[in-house]
Amino acid sequence: MSNAIVFAFPGHDRLATALVARLGAERGRLALHDFPDGESYVRLEMPVAGRDVVLVCGLHRPNEKIVPLLFAAGAARDLGASSVGLVAPYLAYMRQDRRFEPGEAVTSATFAAWVSSFADWLVTAEPHLHRRGSLADIYAARTGVVHAGEAVARWVGAHVRNALIIGPDRESERWVSEVARLAGAPYLVLEKTRRGERAVEVSLPDIAAHAGRTPVLVDDIISTARTMIAAVRALREARMPAPACIGVHAVFAGPAYEELQAAGAGIIVTCNTISHPSNAIDLDGALADAAARMAGALAGAL
Ligand code: R5P
């Protein structure tokens, strides 16, 4: 039994249970409430003095979560916690990683500074690192990253015969190639042009050499699903079978999931970093292992 105590935000009971088991931790009780004026009430209902506090809170729809999270971490420190860690299966605000237009906020950097101000460490899964080398570029907090490639490749190996792994854009190549290697399948990447939030075009290379294979589209985030839809359409026009669509993070904004189904996708599968009916690939164990490594490293540093 460690001295860690795990407090889960709503919707994270399953992951919290995995963390409690892996860390040999106690499960904390957290009370959250919105006052009539919209302000947040937060209470840690178990003592935390001298303990390593682990907060579990995915950051999909981050604006409504970040304030109570900040208060929970603040309360933990105030009440004498030895450390505060955050397990966030989905890490928000990673996509605005540069100023595309003059005057824009580079939200990934500001968000990173904010989280690093209240967490000693952060564990997350497959953060969107297209233009950055690592989370350490922007996070001052120690970071642990779970890569989904192995779990995705296992799923492909078990469910798709004769797969052709396809990444929707050049940036996806480094991890699509890894999934393909692990699944023992060939891969290719598409050329993608995003003209707006809901306007995406992709172009397909010559695919004739892959006739007879089952396309498997793999992306880190499915948000509006415009990327996947454009790729599905291009593949169907090239007379390929309905592609399996795999996303790590099931953001699925608005009717995106239904629109992807209607566009002619085959099976749609995601990892369980954001709760959704398409979740079929489990990353809880890997997140718990990463949190245990982080807690161990922290103990070694004390
Ligand atoms: C972009 O670089 C990402 O890897 C995804 O392709 C993108 O976030 C998907 O967004 P959407 O579903 O809105 O097209």
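None of the values given here were measured: they were computed from a predicted structure. (Residues numbered from 1 in each chain as written. Predicted model: local features only at pLDDT ≥ 70, side-chain atom pairs only at ≥ 80, totals over all residues. Heavy atoms only, no water.)

As a structural note, the neighbourhood of the ligand is formed by 15 residues, with Arg95, Asp219, Asp220, Thr224 and Thr227 the closest of them. Measuring from an oxygen atom of the ligand, one finds a side-chain N or O atom of Asp220 at 2.6 Å. Residue Thr227 places a side-chain N or O atom 2.6 Å away from an oxygen atom belonging to the ligand. Summarising the interface, the protein chains cover 93% of the accessible area of the ligand, which totals 380 Å² for the free molecule. Counting residues per element, the ones that place at least two in the shell around the ligand are β11 (191–196), β13 (214–222) and α6 (226–237). Ranked by residue count, the leading element in the shell around the ligand is β13, at four residues. Across the shell around the ligand, the residue classes break down as three nonpolar, five polar and seven charged. (Near = heavy atom within 4 Å. Polar contact = N/O pair within 3.5 Å; in protein donor to acceptor, adjacent residues only side chain to side chain. Areas by Shrake-Rupley, 256 points an atom, 1.4 Å probe, with all protein chains shown as cover. Helix = DSSP H or I, 4+ residues; strand = E, 2+ residues; numbered from the N terminus. Nonpolar A, V, L, I, M, F, W, Y, C, P; charged D, E, K, R; others polar.)

The next point concerns the pairing of strand β1 (residues 4–8). Taken residue by residue, a regular strand's side chains alternate between the two faces of the sheet. The buried fraction of β1 amounts to five of the five residues, a majority that puts the element mostly inside the structure. Residues Ala4, Val6 and Ala8 of β1 are buried on one face, and the alternating residues Ile5 and Phe7, pointing to the opposite face, are buried as well. With five bridges connecting them, β1 and strand β5 (residues 52–56) associate as parallel partners. Opposite Phe7, over in β5, you have Leu55 as the bridge partner. Note that β1 and strand β2 (residues 26–27) share two bridges and pair parallel. Among the inter-strand pairings, Ile5 is bridged to a residue of β2, identified as Glu26. Of the crossover connections in this fold, the one passing from β1 over helix α1 (residues 13–23) to the parallel β2 is right-handed. (Buried < 20%, exposed > 50% of the residue type's maximum accessible area, 1.4 Å probe, protein only. Pairing = 2+ DSSP bridges. Right-handed = clockwise from strand over helix to strand, strands pointing away.)

A large share of β5 lies buried, amounting to four of its five residues. Sheet analysis places β5 next to strand β6 (residues 83–88), joined by five bridges and oriented parallel. Residue Val56 lies in a different strand from β6, and its bridge partner there is Val87. Note that the unit made of β5, helix α2 (residues 63–78) and β6 has a crossover that is right-handed.

With that settled, the discussion passes to the packing of helix α4 (residues 149–159) against helix α5 (residues 173–183). In contact at an axis separation of 8 Å, α4 and α5 are set at 45 degrees when each is read in the N-to-C sense. Taken as axis vectors, α4 and α5 run oblique relative to one another. Pair α4 / α5 crosses with right-handed handedness. From α4, Gly149, Glu150, Val152, Ala153 and Val156 reach across to α5, where they touch Val179, Leu182 and Ala183. By residue class, the composition of the contact of α4 with α5 is six nonpolar, one polar and one charged. (Axes fitted to C-alpha atoms, helices over the stretch in contact; angles between N-to-C directions. Parallel < 35°, antiparallel > 145°, perpendicular 65-115°, else oblique. Left-handed = near helix turned anticlockwise from the far one by under 90°. Contact = heavy atoms within 4.5 Å.)

Let us look at the nonpolar core. Counting 46 residues, the largest nonpolar core has Val6, Leu19, Val152, Val156, Ile165, Val216 and Ile246 as the members making the most contacts within it. Here the element with the most residues in this core is helix α8 (residues 284–301); it accounts for seven residues. If we skip the residues at most four places from it in the chain, Val156 touches Ala163, Ile165, Ala183, Val216 and Ile246. If you look at the next biggest cluster of nonpolar residues, it comprises 38 residues, including Ala76, Tyr90, Leu122 and Leu129. (Core = buried A, V, L, I, M, F, W, Y, C linked by side-chain atoms within 4.5 Å.)

What follows covers the packing of aromatic side chains. One pass over the full model with this rule turns up four aromatic pairs. A centroid spacing of 6.5 Å and a plane angle of 80 degrees characterise the contact between Phe111 and Trp114, whose relative ring orientation is edge-to-face. Of the two residues, Phe111 and Trp114 are both situated in helix α3 (residues 107–118); the distance of three residues between them amounts to about one turn of the helix. The class for Trp114 is partly exposed, based on a relative accessible area of 36%. When the centroid spacing of 5.1 Å and the interplanar angle of 70 degrees are considered together, the rings of Phe252 and Tyr257 count as edge-to-face. Residue Phe252 shares its accessibility class with Tyr257, and that shared class is buried. Taken together through their ring pairs, the aromatic side chains of Tyr93, Phe111 and Trp114 make up a single cluster. (Phe/Tyr/Trp six-rings, centres within 6.5 Å; stacked < 30°, edge-to-face > 60°.)

The subject of this paragraph is the sheet that holds strand β10 (residues 187–189). With respect to topology, six strands assemble into an open sheet ordered β10-β9-β13-β14-β15-β16, the strand pairing being parallel. One side of each edge strand has no neighbouring strand; the edge strands of this open sheet are β10 and β16 (279–281). Adjacent strand axes in the sheet meet at a mean angle of 35 degrees, parallel and antiparallel pairs treated alike. Bridge count between strand β14 (residues 244–250) and strand β15 (residues 268–271): three bridges; the pairing is parallel. Paired with Cys245 across the bridge in β15 is Ile268. The strands touched by α6 are β9 (163–167), β13 and β14; relative to β13, the strand with the most contacts, the crossing angle is about 165 degrees.

All we've got here are geometric facts, nothing functional implied.
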